[in-house]
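# Notes for the structure review
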Amino acid sequence: MLDILFKNCTIIDPFNRVETKADLLIEGGRITGLERDITPRDGIKTINLQGRWVVPGLVDIHTHLREPGEEYKETILTGLKSAVAGGFTTVCAMPNTRPPNDSASVTRFIIGRARECNLGRVLPVATITKAQKGTELTEFGDLLSAGAVAFSDDGLPVKNSRIMRLALEYALNFDALIISHSEDLELARHGVMNEGRMSTTLGLMGIPNAAEDIQVYRDVRLAETTGARLHIAHVSTKEAVEIIRSAKRRGVRVTCETAPHYFSLTEEAVEGYNTLAKMNPPLRTEEDREAIIEGLRDGTIDCIATDHAPHSTLEKECEFEKAANGIIGLETAVPLGLRLVKKGVLSPMQLVELMTVGPCKVIGLEKGGVRPGELADLTVIDPECAFHVTPQNLCSKSHNSPFLGETLEGRAVITLFEGRCVFDLHGMVS
Ligand SMILES: [Zn+2]
């Protein structure tokens, strides 16, 4: 267990509404001191953090770990390595693995593997329907007892509105959370990027905003009529933000997330048939991007989730139409979020909130934050550290990032989980 004294920290802890300059003492893995000036002691290593941020371990509620079944893209171990390198100590594992997580045995397998890896917390999300076929509901009670924290057919929508309604009614019995991948498949069919000026220029089939908006509205209405808890995944359109904003005003139990790429990039990134900018929902327009940022600013969007979706070069180095959807995101989420802080759109506290308290509230996870008595589960962020995004510098098994080759500013440099150091970029702790 770790003994360490961090001097000159900028503590940003939205769990305890604390933003202050302080020293932080950790003994036996537990936070024992948080004061303006702590005197170094014998036998305890002292590190001067020089104003770097100390925040609660980040939480990502949308991660594709690919195990079981597609271990050539990512495993629970490499996914966790990528998570802690990005500052995340908790990730929710999406269920579209092979086989999908539609039974208690798969849920237990994921939890067991994560425990063996012992790097971070993995909370499995189970499917809503068996084999994600959209026809028969899974055993919510069994899956919850096995450790599932929510239900989603992510990767696919629940196409049949009646089944979605049944799922929400069923979830209400357990007050369980349904996570919607909102997409009207008929409208999106054959589309490979956003429908608009850019798709016309490139001669590619587009996916209209309406494919997302219509399904978001359907699911919000079903949540409203059933009273169940609904979370909308990866919101990318202006209209979806507005639908959720107005639903929240009416008291509908709806939350939502967006991913860093939707507030960082637009459809322009697809130029040159760049398969690394291919994802679902697709990158939208500047107008949508601005609406997403406004949603983050005014609290309509509850959290930032990465939608970390590893794919091998095989699935990305091919024709645009055939390329797989999705990008890795765990290691670039912090620098992309920091851009919003540097532009003055979000305060440091707001950004950290969107990556800790926000996701915790969505899934009902209790965390203590950075305060004496707690086992250290925290991240040191250096807002200025240059991060060259290269395959060598990424911990994920896959390297499908549209930021490859770029130098981003700021990143997680130290991550502590359960009182142990699980990531240490500059070898400061060990
Ligand atoms: Zn999805």
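Conventions used here
Residues numbered from 1 in each chain as written. Predicted model: local features only at pLDDT ≥ 70, side-chain atom pairs only at ≥ 80, totals over all residues. Heavy atoms only, no water. Helix = DSSP H or I, 4+ residues; strand = E, 2+ residues; numbered from the N terminus. Contact = heavy atoms within 4.5 Å. Phe/Tyr/Trp six-rings, centres within 6.5 Å; stacked < 30°, edge-to-face > 60°. Lys NZ or Arg CZ within 6 Å of the ring centre and 35° of its normal. Salt bridge = Lys/Arg side-chain N within 4 Å of Asp/Glu carboxyl O. Axes fitted to C-alpha atoms, helices over the stretch in contact; angles between N-to-C directions. Parallel < 35°, antiparallel > 145°, perpendicular 65-115°, else oblique. Left-handed = near helix turned anticlockwise from the far one by under 90°. Nonpolar A, V, L, I, M, F, W, Y, C, P; charged D, E, K, R; others polar. Expected span 1.5 Å × (residues − 1). Buried < 20%, exposed > 50% of the residue type's maximum accessible area, 1.4 Å probe, protein only.

## Thoughts on the side chain of T63
Note on placement: T63 falls in strand 6 (residues 58–63). Sequence-distant contacts of T63, defined by excluding residues within four places in its chain, comprise V91, C92, A93, M94, T306, H308 and L330.

## A word on the packing of aromatic side chains
One pass over the full model with this rule turns up three aromatic pairs. Ring centres of F140 and Y170 lie 4.5 Å apart, and the angle between their planes is 25 degrees; this geometry places the pair in the stacked category. Residue F140 is found in helix 3 (residues 140–146), and its partner Y170 is found in helix 4 (residues 161–174); the two are separated by 30 residues along the sequence. Ring pairs connect the aromatic residues F140, F151, Y170 and F174, which therefore count as one cluster. A cation sits over an aromatic face here: K278 above F320, 5.6 Å from the ring centre. The side chain of R411 reaches across the aromatic face of F387, ending 4.4 Å from its centre.

## Observations regarding the pattern of salt bridges
According to the stated counting rule, one finds 34 salt bridges in the structure shown. Among the salt bridges present, the one from R121 reaches D377, with a minimum N-O distance of 3.4 Å. In this pair, R121 is assigned in strand 8 (residues 121–126) and D377 in the loop between helix 14 (357–363) and strand 16 (378–388), connecting sequence segments 256 residues apart. Taken together, the shared-partner salt bridges connect E70, K73, R98 and E315 into one network.

## Remarks on the packing of helix 1 (residues 76–85) against helix 2 (residues 104–117)
As a packed pair, helix 1 and helix 2 sit with axes 9 Å apart at the nearest point and diverge in direction by 60 degrees. For the element pair helix 1 / helix 2, the angle class is oblique. For the pair helix 1 and helix 2, the sense of crossing is right-handed. Listed contacts from helix 2 to I76, L77 and L80 of helix 1 are I110, R113, A114 and C117. For the contact of helix 1 with helix 2, the class distribution of residues is six nonpolar, no polar and one charged.

## What about helix 8 (residues 238–249)?
With 12 residues, helix 8 should cover 16 Å at 1.5 Å per step; its first-to-last C-alpha distance of 17 Å lies within 8% of that length. By the burial criterion, the buried members of helix 8 are A240, V241, I243, I244, R245 and A247. The elements touched by buried residues of helix 8 are helix 7 (209–226), strand 13 (229–232), strand 14 (254–258) and helix 10 (286–298). In the segment just after helix 8, G251 is the residue with positive phi, at about 90 degrees.

None of the figures reported here should be taken as evidence of function without further support.
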